[in-house]
Amino acid sequence: MPDQAAYETVLADQLATRHPDLISAENDLAAHRQRLATVVRFLNNEAIALDIRVGLARDLHLPEPTR
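The numbers attached to residues start from 1 for each chain and follow its sequence in the written order. Local features in this predicted model are restricted to residues of pLDDT 70 or higher, and side-chain atom pairs are both shown and tallied only at a pLDDT of 80 or more, whereas totals for entire chains, interfaces and linings draw on every residue. Each side-chain value is derived from all of the structure's non-hydrogen atoms; neither hydrogens nor water enter the calculation.

## A look at the overall build of the protein chain
What counts is decided by this rule: Only DSSP runs of H or I with at least four residues qualify as helices, and only runs of E with at least two residues qualify as strands; both kinds are numbered from the N terminus onward. Here the globule rule is a power law, 2.2 Å times the number of residues to the power 0.38, and the radius of gyration is based on C-alpha atoms. Summary of the burial criterion: residues with accessible area below 20% of their type's maximum are buried, those above 50% are exposed, and those between are partly exposed, where the area comes from a 1.4 Å probe applied to protein chains only. For every accessible area listed, the method is Shrake-Rupley and the probe measures 1.4 Å; residues are considered covered only by the protein chains on display.
Scanning the protein chain from N- to C-terminus turns up 3 helices and 0 strands. Helices and strands in the protein chain line up, N terminus first, as α-α-α. Compactness check: the protein chain gives a C-alpha radius of gyration of 20 Å against a globular reference of 11 Å for 67 residues, more than 25% above the reference. The dimensions of the protein chain, computed from C-alpha atoms along their principal axes, are 55 × 25 × 15 Å. Residues classed as buried in the protein chain amount to 9% of the 67 residues present. Accessible area for the protein chain stands at about 5600 Å²; split by element, carbon and sulfur atoms hold 58% of it.

Okay, structure coming up:
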(Lines give C-alpha, C1' and ligand atoms only; values in the text may rest on other atoms or scores of the structure.)
Protein backbone atom coordinates (compact mmCIF):
# COMPACT_ATOMS: atom_id res chain seq x y z
CA MET A 1 0.00 0.00 0.00
CA PRO A 2 1.31 3.49 -0.77
CA ASP A 3 2.29 5.87 1.98
CA GLN A 4 -0.81 6.31 4.17
CA ALA A 5 -0.17 9.99 4.93
CA ALA A 6 0.21 10.83 1.24
CA TYR A 7 -2.98 8.93 0.41
CA GLU A 8 -4.89 10.82 3.12
CA THR A 9 -3.53 14.13 1.84
CA VAL A 10 -4.73 13.36 -1.68
CA LEU A 11 -8.20 12.45 -0.40
CA ALA A 12 -8.37 15.61 1.73
CA ASP A 13 -7.37 17.74 -1.26
CA GLN A 14 -10.04 16.09 -3.41
CA LEU A 15 -12.67 16.69 -0.74
CA ALA A 16 -11.69 20.34 -0.33
CA THR A 17 -11.76 20.87 -4.11
CA ARG A 18 -15.00 19.05 -4.84
CA HIS A 19 -17.02 19.88 -1.71
CA PRO A 20 -15.87 23.14 -0.11
CA ASP A 21 -19.37 23.59 1.35
CA LEU A 22 -18.96 20.34 3.29
CA ILE A 23 -15.64 21.53 4.72
CA SER A 24 -17.29 24.81 5.74
CA ALA A 25 -20.18 22.96 7.38
CA GLU A 26 -17.76 20.74 9.31
CA ASN A 27 -15.88 23.80 10.55
CA ASP A 28 -19.13 25.46 11.65
CA LEU A 29 -20.18 22.30 13.45
CA ALA A 30 -16.86 22.14 15.28
CA ALA A 31 -17.33 25.74 16.45
CA HIS A 32 -20.85 24.97 17.70
CA ARG A 33 -19.60 21.90 19.56
CA GLN A 34 -16.95 24.02 21.25
CA ARG A 35 -19.53 26.60 22.31
CA LEU A 36 -21.86 23.90 23.63
CA ALA A 37 -19.02 22.38 25.65
CA THR A 38 -18.37 25.81 27.19
CA VAL A 39 -22.05 26.16 28.14
CA VAL A 40 -22.15 22.68 29.64
CA ARG A 41 -19.06 23.43 31.75
CA PHE A 42 -20.76 26.61 32.97
CA LEU A 43 -23.99 24.79 33.81
CA ASN A 44 -22.09 22.16 35.80
CA ASN A 45 -19.83 24.64 37.63
CA GLU A 46 -20.99 24.47 41.25
CA ALA A 47 -19.05 27.65 42.06
CA ILE A 48 -21.76 29.59 40.18
CA ALA A 49 -25.11 30.12 41.88
CA LEU A 50 -27.61 27.35 41.12
CA ASP A 51 -30.45 29.73 40.26
CA ILE A 52 -28.32 31.39 37.58
CA ARG A 53 -27.36 28.05 36.05
CA VAL A 54 -30.94 26.74 36.18
CA GLY A 55 -32.25 29.90 34.52
CA LEU A 56 -29.72 29.65 31.72
CA ALA A 57 -30.49 25.97 31.18
CA ARG A 58 -34.20 26.78 30.96
CA ASP A 59 -33.58 29.63 28.52
CA LEU A 60 -31.51 27.34 26.32
CA HIS A 61 -33.89 24.37 26.66
CA LEU A 62 -31.13 22.21 28.17
CA PRO A 63 -31.34 19.83 31.12
CA GLU A 64 -31.28 21.77 34.37
CA PRO A 65 -28.50 21.20 36.90
CA THR A 66 -29.67 19.76 40.22
CA ARG A 67 -26.81 20.89 42.43
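## Digging into helix α3 (residues 50–59)
Just so we agree on the cut-off: It is the directions from the helix axis to the C-beta atoms whose arc is reported. Whether two residues are in contact is decided by their heavy atoms: any pair within 4.5 Å suffices.
Residues of α3 that are buried: Arg53, Val54 and Ala57. Down the axis of α3, the buried side of the element spans an arc of 100°, and every buried residue falls inside it. Every exposed residue of α3 that faces more than 90 degrees away from the buried side is listed here: Asp51, Arg58 and Asp59. Contacts from the buried residues of α3 go to α2 (20–43).

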